[in-house]
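Residue strings, one per chain:
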Amino acid sequence: AAGVIQSPRHLIKEKRETATLKCYPIPRHDTVYWYQQGPGQDPQFLISFYEKMQSDKGSIPDRFSAQQFSDYHSELNMSSLELGDSALYFCASSLTGKETQYFGPGTRLLVL
Amino acid sequence: AQSVTQLDSQVPVFEEAPVELRCNYSSSVSVYLFWYVQYPNQGLQLLLKYLSGSTLVKGINGFEAEFNKSQTSFHLRKPSVHISDTAEYFCAVSEGGNTGKLIFGQGTTLQVKP
């Protein structure tokens with residue numbers, strides 16, 4: 001079965017640069033969630049979208065923005081990167097009315 | 001606000017022994033409960049979930065968990081572990097709906113020894 005796809009899988013950036021992470025949900029899933037997992041930590045919710053509208057917002061820095069497109073894929077844009085942004089970024093998708101979120105493999109971001 | 005507490009940060013166990021990973025949650029509303037497993041350098045894989053109905057839920061790889069509303073717990077168990085079960089296990093809670101973000105516990109590292 002098709003899973004959540006994230007790209008790129010690995011990304012190395014310098015401080016103050018920008019990064020764009022992409023997420024392609026499971027076909028027909030209309031809800032996308034973004035999570036950040038720091039080293040040795042649990043995943044923290046950043047933001048979610050339902051039917052291309054932001055549905056919830058967590059501890060996402062103002063330097064980050066995200067959107068969901070008409071084909072339901074989502075992009076997380078990160079600007080003015082800081083060393084502390086180094087983390088594993090997960091995308092998860094679900095279908096309206098279904099409570100289970102399915103996670104992608106993650107994008108590992110390293111900020112130098 | 002919801003929160004999840006995993007009572008053990010590390011659980012060492014010998015192969016073929018039983019194991020229980022403990023999870024307690026707090027929420028003012030009805031919740032959905034999940035266990036995810038994360039193998040080294042990999043993503044999160046759903047082990048099992050409680051949405052409604054029977055409080056004993058069975059998942060993949062021989063794992064099961066029991067939802068206890070009065071004790072606000074959702075402990076994960078396996079009667080006989082394998083070396084391949086060595087991983088990080090996360091308990092998570094969601095209020096559901098279209099804004100149903102997951103709140104994760106701090107994780108429990110299961111170390112299975114030969």
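Now for a look at the structure at hand. Please read all numbers here as calculations on a predicted model, not as lab measurements.

Some points on the interface of chain A and chain B
Note on interface size: it is often stated as the accessible area lost on association of the parts.
Inference 1: Contacts between the two partners involve 22 residues from chain A, matched on the other side by 22 residues from chain B.
Inference 2: Summed over both partners, the interface of chain A with chain B comes to about 1,700 Å²; 53% of that surface belongs to carbon and sulfur atoms.
Inference 3: Taken together, chain A and chain B are joined by one salt bridge.
Inference 4: Between Lys101(B) and Asp56(A) there is a salt bridge, and its shortest N-O distance comes to 3.9 Å.
Inference 5: Only strand E4 (31–37), strand E5 (44–50), strand E6 (53–57), strand E9 (87–94) and strand E10 (102–103) of chain A provide two or more residues apiece to the side of chain A that touches chain B.
Inference 6: Partitioning the side of chain A that touches chain B into residue classes produces ten nonpolar, eight polar and four charged.

Focus on the pattern of salt bridges
Residue and element names in this part refer to chain B.
Inference 1: According to the stated counting rule, one finds nine salt bridges over all chains in the structure shown.
Inference 2: Two residues, Asp-8 and Arg-22, come together in a salt bridge whose shortest N-O distance is 2.9 Å. Taken together, the residues span a long stretch of sequence, with Asp-8 in the loop between strand E1 (3–6) and strand E2 (10–14) and Arg-22 in the loop between strand E3 (19–21) and strand E4 (23–26) at a distance of 14 residues.
Inference 3: Judged by relative accessible area, which is 32%, Arg-22 ranks as partly exposed.

Describing the state of the cysteines
Inference 1: Using the criterion set out here, one finds two disulfides over all chains in the structure.
Inference 2: Between the sulfur atoms of Cys23(A) and its disulfide mate Cys91(A) the distance is 1.7 Å. Disulfide Cys23(A)-Cys91(A): torsion about the S-S bond near -50°, hence left-handed. Of this pair, Cys23(A) sits in strand E3 (residues 19–24) while Cys91(A) is found in strand E9, placing the two residues 68 residues apart along the sequence.
Inference 3: A relative accessible area of 0% places Cys91(A) in the buried class.
Inference 4: Residue Cys23(B) pairs covalently with Cys91(B) via a disulfide, S to S 2.0 Å.

Considering the layout of surface pockets
Over the atoms rolls a probe the size of a water molecule, and in doing so it shows where empty space is left.
Inference 1: Taken as a whole, the largest pocket spans an internal volume of roughly 440 Å³.
Inference 2: Forming the walls of the largest pocket are 24 residues, and the residues nearest its centre are Gln37(A), Gly38(A), Pro39(A), Gly40(A) and Gln38(B).
Inference 3: Residue assignment for the lining of the largest pocket shows that the elements contributing at least two residues are E9 and strand E11 (107–111) of chain A together with strand E10 (87–94) of chain B.
Inference 4: Grouping the amino acids of the lining of the largest pocket by side-chain chemistry returns nine nonpolar, 13 polar and two charged.

Concerning the side chain of Gln36(A)
Residues and elements named next belong to chain A.
Inference 1: Among the structural elements, Gln-36 can be located in strand E4.
Inference 2: A distance of 2.8 Å separates polar atoms of two side chains, one belonging to Gln-36 and the other to Tyr-89.
Inference 3: Among residues more than four places away in sequence, those in contact with Gln-36 are Asp-42, Pro-43, Gln-44, Leu-46, Phe-64, Asp-85, Ala-87, Leu-88 and Tyr-89.

Notes on the pairing of strand E6 (residues 44–50) of chain B
Residues and elements named next belong to chain B.
Inference 1: Counting buried residues in E6 gives five out of seven residues, a clear majority hidden from the surface.
Inference 2: Pairing of strand E5 (residues 32–38) with E6, which is carried by six bridges, proceeds in the antiparallel orientation. Its bridge partner being in E6, Val-37 is matched across the sheet by Gln-45.
Inference 3: Connecting E5 to the antiparallel partner E6 that follows it, the hairpin turn spans five residues, and Asn-41 within it adopts a positive phi of roughly 60°.

Some details on the nonpolar core
Inference 1: Grouped together as the largest cluster of nonpolar side chains are 28 residues, with contacts concentrated most on Trp35(B), Leu48(B), Phe74(B), Leu76(B) and Tyr89(B).
Inference 2: By residue number, the principal contributor to this core is E10(B), which donates four residues.
Inference 3: In this structure, Ala19(A), Ile47(A), Leu76(A) and Ala87(A) belong to the second largest nonpolar core, which totals 22 residues.

Calculation notes
Residues numbered from 1 in each chain as written. Chains lettered and ligands numbered in written order. Predicted model: local features only at pLDDT ≥ 70, side-chain atom pairs only at ≥ 80, totals over all residues. Heavy atoms only, no water. Contact = heavy atoms within 4.5 Å. Buried area = accessible area lost by both parts, 1.4 Å probe. Salt bridge = Lys/Arg side-chain N within 4 Å of Asp/Glu carboxyl O. Helix = DSSP H or I, 4+ residues; strand = E, 2+ residues; numbered from the N terminus. Nonpolar A, V, L, I, M, F, W, Y, C, P; charged D, E, K, R; others polar. Buried < 20%, exposed > 50% of the residue type's maximum accessible area, 1.4 Å probe, protein only. Disulfide = S-S within 2.5 Å. 1 Å grid on protein atoms, 1.4 Å probe; cavity = no way out; pocket = protein on both sides within 12 Å on 5 of 7 lines; lining within 4 Å. Points joined across faces, edges and corners; volume = space filled by probe spheres on them. Polar contact = N/O pair within 3.5 Å; in protein donor to acceptor, adjacent residues only side chain to side chain. Pairing = 2+ DSSP bridges. Core = buried A, V, L, I, M, F, W, Y, C linked by side-chain atoms within 4.5 Å.

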